[in-house]
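# Observations on the three-dimensional arrangement
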Amino acid sequence: MSSAEDIAKAARQAYEDSQLVDASERDIALRSIAQHLSSHRDEILAANAQDMEAANALLAEGKLSSSLVSRLDLTRPGKFDAMLQGIQEVVDLPVPTGRTTYAKELDDGLELYRVTCPIGVLLVIFEARPEVVVNIAALAIKSGNAAILKGGKESLHTATLLASLIQQSLSAGKLPPALIQAVSTRGEISALLAQEKYIDLVMPRGGNALVQSVKDQTKIPVMGHADGICNIYLDEGANIEMAKRIVKDAKLDYPAACNAVETLLLHESTVKSIWPELAAHLLSSSITLHCDEPSLAALESSPISQSVPDFGKLVHAATPESYDTEFLCPEMAVKVVPSVSAAIQHINLHSSHHTDSIITPSETHAGTFIRGLSSANVFWNASTRFADGQRYGLGTEVGISTGKTHARGPVGLEGLCIYKWVLRSQRKEGSVVGEFGSDQGKKQYTHKQLSKESPF
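Residues numbered from 1 in each chain as written. Predicted model: local features only at pLDDT ≥ 70, side-chain atom pairs only at ≥ 80, totals over all residues. Heavy atoms only, no water.

For clarity, the threshold we go by: UniProt positions are given in the numbering used here, feature names are shortened, and annotations may be inferred rather than shown by experiment.
Looking at an unreviewed UniProt entry, one finds the chain named glutamate-5-semialdehyde dehydrogenase, with Naganishia liquefaciens as its source organism. The Sequence similarities (unreviewed entry) field of the UniProt record for the chain holds the comment "Belongs to the gamma-glutamyl phosphate reductase family."

Below you can see the structure in the form of structure tokens.
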């Protein structure tokens, strides 16, 4: 078995070698990978079945959550095909590197360009979802990066096989196979987190404990998100049918997702008007509600307390911890607030800054909500479930970033690129800074805007 240093060195060398290969080869490699994975579908699903069998046994023992097991399953309708489609969507996107985003003349014959380029070597740590191997590999290859992947032990067989098939496909082309590597043990991760000489960025995809653990163990920059505590605020004047449609979708479309809604905030004017009807709609889908005192009192005094068969099982008093909980199942917290400003204050305090939405007919209130939140994704009259790289047209995503770095929200191709400053002198004698200054006879910088057509 290769040491962590060997793995990191190989990734660095593969990255550097790949920079000398024409960018057109990236799409050729991705098409080859998609075809190779498709031809090995049965083998991949058999490996996934092994992982699912072990995971279900742990679920029965109470050692794994149902949400994690759900994320692991590659046989869910359309999931395998969506994984392959994600590769094609990345192929269809323009190459994100080598683009000039800033161009100025500093002097006659002296030109400055800001040009997009890959980050370098990525270490991506994720839990359960084996398709993440393919998502990240596609994005890394297209953006010119190398990636070292570590999935959760629950997805060991599937993730290992997917990485091996990707390397096989790369071996047949012009890009180095070590551009995509996978590791399987926790010990390897600890050792890789010490390889700041070769690894440029760590991207953990998982719960708060994983993210914090990674941050505590490394000097390498870390980009990612922890919990997905997403909120929807139901503003005064909100339409009840819209609210039913959006809130139910945000909770039930995929409850285990990090962009599923976990807290519903109600403007106080809605508590006796549309809240009981909305609650009845949610309870009819067996969604458990953890309500604060005003929202609970409104339901207990409403006819639905008698008409909903499982009212006593599904409606509970909230605790302070309810609003800091990522339920990842058909449960949600409910709280009444007096204004859009109070909703913003609550969300900024309790949200994980992943995705938050307002349901309102008021453009003024929506604008206030959008400006006031520090979340990576802020929506108006839309389900939080839209926060996703494929839905945004990014091709797929490495993950969601809630930090304040260069990439926020779904991290796709552009999030895996940074830039370099390129200065070109076309003067016969070259250019030196000593020619410029405020003294008599010194040159002044022209700072003229140039065309962003890259000369490189």
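So much for the structure itself; the text now carries on.
## Thoughts on the overall build of the chain
Stated precisely, the cut-off is as follows: Strands here mean DSSP runs of E at least two residues long; helices mean DSSP runs of H or I at least four residues long; both are numbered from the N terminus. Working definition: with a 1.4 Å probe on protein chains only, accessible area under 20% of the residue-type maximum means buried, over 50% means exposed, and in between means partly exposed. Any two residues whose heavy atoms approach within 4.5 Å are treated as being in contact. Computed with a 1.4 Å probe, the accessible areas rest on the Shrake-Rupley method; for each residue, only the protein chains presented here act as cover.
Along the chain, the regular secondary structure elements total 16 helices and 17 strands. Dimensions of the chain along its principal axes, counting C-alpha atoms only, are 90 × 65 × 35 Å. The burial tally for the chain puts 53% of its 456 residues in the buried class. By sequence separation, contacts in the chain at least 24 residues apart represent 73% of the contacts at least 6 residues apart. Taken as a whole, the chain presents about 20,300 Å² of accessible surface, with 51% of it coming from carbon and sulfur.

## Examining the sheet that holds strand S8 (residues 261–267)
Note the following rule: At least two bridges found by DSSP between two strands is the condition for calling them paired. Only the stretch in contact is used when fitting a helix axis, every axis being a line fitted to C-alpha atoms; angles between N-to-C directions are given from 0 to 180 degrees.
Strand order in the open sheet made by the seven strands is S10-S9-S11-S8-S7-S12-S13, with parallel pairing throughout. A single partner strand is all that each edge strand has here, and the edge strands are strand S10 (315–317) and strand S13 (377–380). On average, adjacent strands in this sheet sit at an angle of 20° to one another, irrespective of strand direction. Pairing analysis gives five bridges linking S8 to strand S11 (residues 331–337), with the strands arranged parallel. Residue pairing across strands places threonine 263 opposite alanine 333, the latter belonging to S11.

## Comments concerning the pattern of salt bridges
Keep this limit in mind: For salt bridges, the criterion is a side-chain nitrogen of Lys or Arg within 4 Å of an Asp or Glu carboxyl oxygen.
The tally for this structure, following the rule as stated, stands at 16 salt bridges. Aspartate 107 is the partner of lysine 443 in a salt bridge, and the nearest nitrogen-oxygen pair spans 2.9 Å. Taken together, the positions of lysine 443 in the loop between strand S16 (417–425) and strand S17 (448–449) and aspartate 107 in strand S1 (residues 100–107) put the pair 336 residues apart, joining distant regions of the chain. Looking at aspartate 107, the relative accessible area reads 8%, which means it is buried. Among the ionic contacts, a cluster of salt bridges with common partners joins Asp107, Glu435 and Lys443.

## Regarding unusual backbone geometry
Phi angles above zero are rare outside glycine, and serine 286 is one such case at about 60°. What makes serine 286 partly exposed here is its relative accessible area of 46%. In the Ramachandran plot, histidine 447 falls in the positive-phi region, its phi being about 50° despite a non-glycine side chain. When you line up the elements, histidine 447 lands in the loop between S16 and S17.

## Focus: the sheet that holds strand S4 (residues 146–150)
Taken in spatial order, the four strands line up as S5-S4-S3-S6 in an open sheet, and their pairing is parallel. Only two strands of the sheet have a single neighbouring strand rather than two, namely strand S5 (180–183) and strand S6 (201–205). With strand direction ignored, the average angle separating the axes of adjacent strands in the sheet is 20°. Looking at chain direction, strand S3 (residues 121–126) and S6 are connected through five bridges and run parallel.

## Focus: the nonpolar core
As a reminder of what qualifies: Definition used in this section: a nonpolar core is a set of buried Ala, Val, Leu, Ile, Met, Phe, Trp, Tyr and Cys residues joined via side-chain atoms within 4.5 Å.
Formed by 68 residues in total, the largest nonpolar core has its most connected members in Leu37, Ile87, Leu123, Ile148, Leu170, Ile180 and Leu192. With nine residues, the single largest contributor to this core is helix H6 (residues 131–143). Among residues more than four places away in sequence, those in contact with leucine 192 are Ala4, Ile7, Ala8, Leu123, Ile148, Val183, Ile199 and Ile220. By size, the runner-up hydrophobic cluster in this structure holds 33 residues, among which are Val247, Ala250, Leu314 and Met332.

## A closer look at the pairing of S13
We count it as follows: Orienting the strands away from the viewer, one traces the path from the first strand over the helix to the second; a clockwise path indicates a right-handed crossover.
Side chains of S13 alternate between two faces, with Asn377 and Phe379 buried and Val378 and Trp380 left unburied. For the crossover from strand S12 (residues 355–359) across helix H16 (residues 363–372) to S13, the handedness is right-handed.

## Section: the environment of glycine 78
Considering the arrangement of structural elements, one finds glycine 78 in the loop between helix H4 (66–72) and helix H5 (79–92). Along the backbone, glycine 78 and glutamine 390 are 312 residues apart, and their C-alpha atoms lie at a distance of 14 Å.

## Quick notes on helix H10 (residues 240–252)
Quick note on the threshold: Each residue after the first adds 1.5 Å to the expected span of a helix. Each polar contact in these results corresponds to two N or O atoms within 3.5 Å; when the atoms are within protein, one needs to be able to donate a hydrogen and the other to accept it, and residues that are neighboring in sequence are counted only if both atoms are side-chain atoms.
In this model H10 runs 18 Å from its N-terminal to its C-terminal C-alpha over 13 residues, within 8% of the 18 Å that 1.5 Å per residue would give. Packed against the buried residues of H10 are strand S7 (230–234), S8, helix H11 (275–283), S11 and S12. A distance of 2.9 Å separates the backbone nitrogen of glutamate 241 from a side-chain oxygen at the start of H10, and that oxygen is part of asparagine 239.

## Describing the packing of H5 against H6
Note the following rule: Angle categories are assigned with fixed cut-offs, so that under 35 degrees is roughly parallel, over 145 is roughly antiparallel, 65 to 115 is roughly perpendicular, and the rest are oblique. Ten residue types, Ala, Val, Leu, Ile, Met, Phe, Trp, Tyr, Cys and Pro, are classed as nonpolar, four, Asp, Glu, Lys and Arg, as charged, and the remainder, Gly among them, as polar.
Running from N to C, H5 and H6 point in directions that differ by 5°, and their axes come no closer than 9 Å. It follows from the interaxial angle that H5 and H6 lie roughly parallel. Side by side, H5 and H6 meet where Lys79, Met83, Ile87, Val90 and Val91 of the first sit next to Glu131, Val134, Ala138, Leu139 and Lys142 of the second. Here the contact of H5 with H6 is built from residues that sort into seven nonpolar, no polar and three charged.

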